[in-house]
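# Secondary and tertiary structure notes
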Protein chains: 2
Amino acid sequence: MEVTSRAKKPSRSATIVEVATAANVSIGTVSRYINGLSVRKPEQIRAAIEELGYFRNALAGSIRSRATKTVGILVPNFDEFHARILAGTANHLRQAGYSALTVTYADTANSLSEAVDFLVGHRVDGLIVGNLSAENKSLAKVFQTGMPMAFYNTHPDGWSVDRVEVENCDVTTRAMEHLIDIGHTHIGIVTGTIGQRPHDERLRGYRNAHINAGLPIDPALQQPGNGTRREGYEAANRLMSASPQPTAIFSSNYQMTIGVLQLLRERNIRIPDDISLISFDDVDLFALLDPGITVIAQPLADIAKEVTRVMLERLSAQQMVPPVSVRLDCNIVLRGSTRPPKKAD
Amino acid sequence: MEVTSRAKKPSRSATIVEVATAANVSIGTVSRYINGLSVRKPEQIRAAIEELGYFRNALAGSIRSRATKTVGILVPNFDEFHARILAGTANHLRQAGYSALTVTYADTANSLSEAVDFLVGHRVDGLIVGNLSAENKSLAKVFQTGMPMAFYNTHPDGWSVDRVEVENCDVTTRAMEHLIDIGHTHIGIVTGTIGQRPHDERLRGYRNAHINAGLPIDPALQQPGNGTRREGYEAANRLMSASPQPTAIFSSNYQMTIGVLQLLRERNIRIPDDISLISFDDVDLFALLDPGITVIAQPLADIAKEVTRVMLERLSAQQMVPPVSVRLDCNIVLRGSTRPPKKAD
DNA sequence: TTGTATGCGTTATCAT
DNA sequence: ATGATAACGCATACAA
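How each quantity is defined
- Residues numbered from 1 in each chain as written.
- Chains lettered and ligands numbered in written order.
- Predicted model: local features only at pLDDT ≥ 70, side-chain atom pairs only at ≥ 80, totals over all residues.
- Heavy atoms only, no water.
- Near = heavy atom within 4 Å.
- Polar contact = N/O pair within 3.5 Å; in protein donor to acceptor, adjacent residues only side chain to side chain.
- Helix = DSSP H or I, 4+ residues; strand = E, 2+ residues; numbered from the N terminus.
- Phe/Tyr/Trp six-rings, centres within 6.5 Å; stacked < 30°, edge-to-face > 60°.
- Buried < 20%, exposed > 50% of the residue type's maximum accessible area, 1.4 Å probe, protein only.
- UniProt positions renumbered as here; feature names shortened; annotations may be inferred.
- Nonpolar A, V, L, I, M, F, W, Y, C, P; charged D, E, K, R; others polar.
- Expected span 1.5 Å × (residues − 1).
- Axes fitted to C-alpha atoms, helices over the stretch in contact; angles between N-to-C directions.
- Parallel < 35°, antiparallel > 145°, perpendicular 65-115°, else oblique.
- Left-handed = near helix turned anticlockwise from the far one by under 90°.
- Contact = heavy atoms within 4.5 Å.
- Pairing = 2+ DSSP bridges.
- Lys, Arg positive; Asp, Glu negative; His and termini not counted.
- Salt bridge = Lys/Arg side-chain N within 4 Å of Asp/Glu carboxyl O.
- Core = buried A, V, L, I, M, F, W, Y, C linked by side-chain atoms within 4.5 Å.
- Buried area = accessible area lost by both parts, 1.4 Å probe.
- Least-squares fit on C-alpha atoms with pLDDT ≥ 70 in both.

The next subject is the protein's contact with DNA strand C. Taken together, 26 residues surround DNA strand C, and among them A:Ile16, A:Ser31, A:Tyr54, B:Arg40 and B:Arg64 come closest. When the atoms of DNA strand C within 4 Å of the protein are sorted by group, sugar and phosphate make up 71%. Between DNA strand C and A:Arg56, the relevant distance is 3.0 Å, taken from a phosphate oxygen to a side-chain nitrogen or oxygen of the residue. When contributions to the surface near DNA strand C are tallied by element, the ones reaching two or more residues are helix H2 (27-34) and helix H4 (58-65) of chain A together with helix H2 (27-34) and helix H4 (58-65) of chain B. With five residues, the single largest contributor to the surface near DNA strand C is H4(A).

All right, on to the packing of aromatic side chains then. Residues and elements named next belong to chain A. Under the counting rule described, the total for this entry stands at five aromatic pairs over all chains. Look at Phe143 and Trp159: their rings are 4.5 Å apart centre to centre, the planes differ by 15 degrees, and that puts the pair in the stacked class. Of this pair, Phe143 sits in helix H7 (residues 137-144) while Trp159 sits in the loop between strand E4 (149-152) and strand E5 (162-166), and the two are 16 residues apart along the sequence. Accessibility assignment for this pair places Phe143 and Trp159 in one class, buried.

Following the UniProt record, the feature "domain: HTH lacI-type" (unreviewed entry) maps to residues 14-65 of chain A here. When the span residues 14-65 of chain A is considered, its composition is 67% helix and 0% strand, and the gap between its end C-alpha atoms is 21 Å.

In the region of DNA strand D, 25 residues are neighbours, and A:Thr29, A:Arg40, A:Ile63, A:Arg66 and B:Ile16 sit closest. One of the side-chain N or O atoms of A:Ser38 is found 2.9 Å from a phosphate oxygen in DNA strand D. Contact between DNA strand D and B:Ile16: a phosphate oxygen at 2.3 Å from a main-chain N or O atom of the residue. Looking at the surface near DNA strand D residue by residue, the class counts come to nine nonpolar, nine polar and seven charged.

To continue, consider helix H11 (residues 254-266) of chain B. All names here are of chain B. Its 13 residues place the ends of H11 18 Å apart at the C-alpha level, agreeing with the 18 Å of an ideal helix rising 1.5 Å per residue. Every buried residue of H11 is listed here: Tyr254, Met256, Thr257, Ile258, Gly259, Val260, Leu261, Leu263 and Leu264. Residue Asn253 occupies the N-cap position of H11, its side-chain oxygen lying 3.2 Å from the main-chain nitrogen of Gln255. Immediately downstream of H11, the backbone of Asn268 shows phi near 60 degrees, a positive value.

Residues and elements named next belong to chain B. With their axes 9 Å apart at the nearest point, helix H1 (residues 16-23) and helix H3 (residues 42-52) run at an angle of 125 degrees to one another. The angle between the axes of H1 and H3 places the two elements in the oblique class. Here the hand of the crossing between H1 and H3 comes out right-handed. Residue-level contacts link Glu18, Val19, Ala22 and Ala23 of H1 to Gln44, Ile45, Ala48, Ile49 and Leu52 of H3.

Residue and element names in this part refer to chain A. As summarised here, the arrangement of the six strands in space is E2-E1-E3-E4-E5-E11, forming an open sheet in which the pairing is parallel. Of all strands in the sheet, those bounded by a partner on one side alone are strand E2 (99-104) and strand E11 (325-328). Going from strand to strand, the sheet's axes swing by 15 degrees on average, the running direction of each strand aside. As paired strands, strand E3 (residues 126-130) and E4 are joined by four bridges and run parallel to one another. When the sheet's bridge partners are listed, Ile128 is paired in E4 with Ala150.

Looking now at the side chain of B:Asp125. Residues and elements named next belong to chain B. Relative to the assigned elements, Asp125 resides in the loop between helix H6 (109-121) and strand E3 (126-130). One buried charged residue, Asp125, remains without a salt bridge, the closest side chain of opposite sign being Lys69 at 6.3 Å. Of note is the side chain of Asp125, whose polar atom sits 2.6 Å from the backbone nitrogen of Lys69. Non-local contacts of Asp125, meaning those with residues more than four positions away in its chain, are made with Ala67, Thr68, Lys69, Thr70, Tyr98, Met147, Pro148 and Leu315.

Turning our attention to the nonpolar core. Ranked by size, the top nonpolar core spans 138 residues in total, and within it A:Tyr152, A:Phe286, B:Tyr152 and B:Phe286 carry the most contacts. Within the second largest apolar cluster, 48 residues are counted, among which are B:Val103, B:Ala115, B:Val116 and B:Met147.

Quick look at the interface of chain A and chain B now. Listed as interface residues are 72 residues of chain A and, on the opposing side, 72 residues of chain B. The contact between chain A and chain B buries some 6,300 Å² in all, and 59% of this surface belongs to carbon and sulfur atoms. By the criterion of area lost to chain B, the three top residues of chain A are A:Arg6, A:Phe55 and A:Leu288, representing 13% of everything that side buries. Taken together, the links from chain A to chain B amount to four salt bridges. In this structure, B:Arg229 engages A:Asp284 in a salt bridge whose closest nitrogen and oxygen atoms are separated by 2.7 Å. Put simply, chain A and chain B have 20 residue pairs in polar contact (both at pLDDT 80 or more) between them. Sorting elements by how many residues they give to the side of chain A that touches chain B places H7(A) first, with seven residues. Grouping the constituent residues of the side of chain A that touches chain B by class yields 31 nonpolar, 21 polar and 20 charged.

This paragraph deals with the pattern of salt bridges. When the charged atoms of two side chains with opposite charge come close together, those side chains can pair. The final tally for this structure, using the stated rule, is 32 salt bridges over all chains. With a closest N to O distance of 3.2 Å, B:Glu313 and B:Arg309 form a salt bridge. Of this pair, B:Glu313 and B:Arg309 are both found in helix H13 (residues 300-316), four residues apart, which corresponds to roughly one turn of the helix. The exposure class assigned to B:Glu313 is partly exposed, which follows from its relative accessible area of 45%. Judged by its relative accessible area of 35%, B:Arg309 falls in the partly exposed class. What you see here is one network of salt bridges that share partners, running through A:Asp157, A:Arg163, A:Glu165 and A:Arg197.

This part is about the relation of the copies chain A and chain B. For these two chains of identical sequence, chain A goes onto chain B by a turn of 180 degrees and a shift of 0.1 Å along the axis, with RMSD 0.1 Å. What the rotation and shift describe, once combined, is the action of a two-fold rotation axis. A share of 100% of interface residues in chain A that are also interface residues in chain B marks the association as one of identical surfaces.

In structure tokens form, the structure reads like this:
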């Protein structure tokens with residue numbers, strides 16, 4: 001296409017009225033043409049639209065119709081985890097005729113409120129919220145208005161709301177039992193932020209495995225990593241300074257695992273010879289390392305699919321239906337990072 | 001906060017009229033309160049808003065004011081590269097009072113047109129476009145209307161438009177010269193999609209290094225990877241089947257590099273003992289591998305900062321100013337993946 | 001500083 | 001299937 005000229009200043013887009021005039025029909029007819037209904041002279045209208053460079057103003061339309069065909073998505077960031085869920089969700093929404101309006105929020109309550117205000121201000125038809133556990137006043141206000149809402153991964157305590165979550169506890173127990181089965185008795189855990197449901201559950205799974213096996217639970221082997229790479233690094237550092245040293249580490253999410261890997265590498269502690277490692281979350285990285293990291297893999301595509309399905313059903317529900325709760329299983333992917341511990345000297 | 005009750009059906013949000021009535025003032029006064037202007041009885045209005053659960057309808061406001069204070073961002077996906085630029089851009093925009101409306105597009109022209117229509121339909125004040133080289137009819141139409149636009153990484157040929165790009169060619173040449181300096185004479189390249197400006201430039205940089213050094217350019221050592229992980233894998237496979245085999249590989253983006261790493265691992269070809277590797281783009285992964293991968297690192301934070309700055313200046317420009325073109329330098333980060341080639345047997 | 005009236009571009013309604 | 005017109009919720013200009 002030739003791009004020959006360009007308006008010097010942003011020009012006001014043509015309106016439906018101008019299109020109607022140019023096409024010699026009424027605005028009602030143009031409106032119906034735009035919305036795919038049958039009209040008598042489509043070609044005239046099409047030509048007028050083309051000629052005038054008309055772009056429908058979705059804002060104006062939504063004001064009147066009270067529907068934006070848009071779902072707001074609220075995520076803390078665009079990391080690998082959320083990125084993949086976002087991609088799936090946006091895709092499924094589109095196929096159902098909805099668009100996704102994605103906003104990220106920082107740690108502060110204020111940032112979250114602003115994000116919520118933005119989405120509600122733009123009159124999204126529904127709201128999908130990822131990884132949010134803490135209450136928030138704005139969000140609670142929106143919730144009370146009856147806004148269709150779906151959470152994935154975690155949701156505020158006591159809210160009766162649609163949600164899609166993975167089973168964290170049992171799968172962690174099974175992963176720990178794998179370590180115990182091959183001889184580990186000193187297993188360290190790098191925990192996420194305690195108080196966040198998924199991380200509480202993962203810690204509980206870790207403990208359950210110890211209880212089931214009759215192993216003691218050593219507080220020195222439970223180090224908080226707060227979900228970040230940096231704190232994962234420091235938690236690993238503390239773990240490797242504990243006495244007796246753990247012969248295996250379980251890291252509760254992939255960001256912290258990256259920190260753990262960094263620490264182990266700096267201290268020249270080799271996997272799996274010197275220590276075994278299991279991580280929650282599977283990312284490309286872990287399969288490519290040598291050895292590959294054994295992981296508990298969340299079904300990201302399924303989370304995206306389910307949370308979208310739940311939202312779409314909520315949006316199309318004619319009457320009140322009780323909130324649905326979907327629980328998905330994780331897979332344990334065995335790679336080379338776990339091995340029986342070295343014999344004590 | 002207690003979440004005691006919830007509306008059974010999505011309830012229409014209160015309007016500014018209802019707030020005005022409840023607060024015993026006029027809508028004009030409420031409007032000014034909302035927009036931060038001084039009013040006589042702010043507390044009454046605040047209380048009414050709180051009481052009614054009022055959320056300002058940004059759609060209605062924008063329709064009238066013809067400004068959304070929103071910038072559309074168009075990216076192909078949420079991969080690490082774009083994710084980090086998005087995070088920075090959204091942040092800088094927010095500080096300037098703008099919101100980001102992010103949309104992804106698939107490979108098809110149709111998908112891109114839909115994304116453009118969505119953004120323009122929502123009357124974004126400006127448009128930031130990432131990694132787009134091919135022309136697109138919808139985008140060209142929008143461009144001609146004078147919509148403020150800024151591209152990063154690449155832009156359609158012949159468009160006189162704001163852009164932020166990195167220097168691809170010379171830095172690639174320098175990276176190749178590093179390989180040549182330590183003795184490599186058979187260097188393979190996994191190219192991105194030819195025809196895309198950055199990838200054309202990287203290939204040219206690769207060739208220039210050969211020309212400068214008086215080395216032959218072997219077509220068998222240039223394999224297309226099309227920017228994807230899978231094709232990077234296959235390109236590496238072809239390279240390692242070439243005769244003579246390359247002693248070093250340059251991979252033109254990180255997705256393809258992951259494919260290359262996978263292939264090398266499967267064929268048990270060790271880095272750097274059996275082959276040296278340099279990748280364009282730096283991601284966490286590459287620093288954590290053993291050995292770390294030597295990379296050409298794009299200044300992601302700077303790209304985000306500059307493209308936002310350029311956009312904001314364009315938005316605030318009172319009159320026509322000529323398009324600006326920003327060119328940023330990349331850094332070569334030497335890690336352990338490059339070493340002199342093994343002596344031929 | 002306040003209230004009133006008008007305009008924004010679209011969809012919904014209803015009579016034709 | 002079409003045209004005319006009300007309605008949507010807010011910002012803005014203007015008069016007070």
